[in-house]
Amino acid sequence: MSSKIGLYAGSFDPVTNGHLDLIKRASQLLDQLYVGIFYNQDKAGFLPLAKRQALLEEVVKDLPNVSVLTSHEQLAVDVAESLGATVLVRGLRNGQDLTYEASMDHFNHDLDPELETIYLLAKPELSYVSSSRIRELTHFGADIRPYVPEIVALELEKQYDGK
């Protein structure tokens, strides 16, 4: 019997409770889940890549079948193939996400017809949580604790307090 290996790719800048919920749920469906921090080194991120990776590794440390990796200038389908992944995991918060993801799925399937995409719907209480909203709230000094793991809130407070 072959293992079910999946890849959940994103920028995780920063990782949110919505991301973490999807990771936990996907890890229950798959034998191995890789969480890939995909980034463009020509774009400045909110958090440095090493910090994003450290935070993500910390929040998934209790999930034995989850591993964190980073990738740049590679397509998710190519990374999935190199990992032996047969599944891409994607989250859907709303209809806009579905439209975007359907377009991506079309191209991913053309590039690798054997790679399937599974979509997990965001829980209603997490459907409005996004990294971009967390960055905005952080910029204005708002409380982000309801939306991110505690370690992320502490790190963002430490790095961006008074800025």
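Residues numbered from 1 in each chain as written. Predicted model: local features only at pLDDT ≥ 70, side-chain atom pairs only at ≥ 80, totals over all residues. Heavy atoms only, no water.

As recorded by an unreviewed UniProt entry, the protein carries the name Phosphopantetheine adenylyltransferase and is attributed to Streptococcus criceti HS-6. What the UniProt record of the protein gives under Sequence similarities (unreviewed entry) is the line "Belongs to the bacterial CoaD family." Entered under Subcellular location (unreviewed entry) in the UniProt record, the comment concerning the protein runs "Cytoplasm". (UniProt positions renumbered as here; feature names shortened; annotations may be inferred.)

To continue, consider the UniProt feature "binding site: substrate" (unreviewed entry) in the protein. Sequence positions flagged by UniProt for "binding site: substrate" (unreviewed entry) are, in local numbering, S11, K43, A76 and R90. Checking the annotated residues one by one, the ones that line the largest pocket turn out to be S11, K43, A76 and R90. Relative to the assigned elements, R90 resides in strand β4 (residues 87-92). (1 Å grid on protein atoms, 1.4 Å probe; cavity = no way out; pocket = protein on both sides within 12 Å on 5 of 7 lines; lining within 4 Å. Helix = DSSP H or I, 4+ residues; strand = E, 2+ residues; numbered from the N terminus.)

A few words on helix α6 (residues 150-160). If you check which residues of α6 are buried, you get V152, A153, E155 and L156. Angularly, the buried residues of α6 cover 165° about the axis, an arc narrow enough to put them on a single face. Where α6 is buried, its residues meet α2 (49-59) and α5 (131-139). (Buried < 20%, exposed > 50% of the residue type's maximum accessible area, 1.4 Å probe, protein only. Arc of directions from axis to C-beta. Contact = heavy atoms within 4.5 Å.)

Quantified by volume, the largest pocket comes out at close to 1200 Å³. For the largest pocket, the lining is made up of 42 residues, of which A9, G10, S11, R90 and Y100 are closest to its centre. Elements with a contribution of two residues or more to the lining of the largest pocket: β1 (5-10), α1 (17-29), β2 (32-39), β4, α4 (95-111), β5 (116-121) and α5. No other element matches the eight residues that α4 contributes to the lining of the largest pocket. For the lining of the largest pocket, the class distribution of residues is 19 nonpolar, 14 polar and nine charged. (Points joined across faces, edges and corners; volume = space filled by probe spheres on them. Nonpolar A, V, L, I, M, F, W, Y, C, P; charged D, E, K, R; others polar.)

Next up on the list: the nonpolar core. Nonpolar side chains in soluble globular proteins tend to be buried together. In terms of nonpolar packing, the biggest core is built from 30 residues, with I23, L33, L56, V60 and V89 touching the most fellow members. Per-element tally for this core: the top contributor is α1, with four residues. (Core = buried A, V, L, I, M, F, W, Y, C linked by side-chain atoms within 4.5 Å.)

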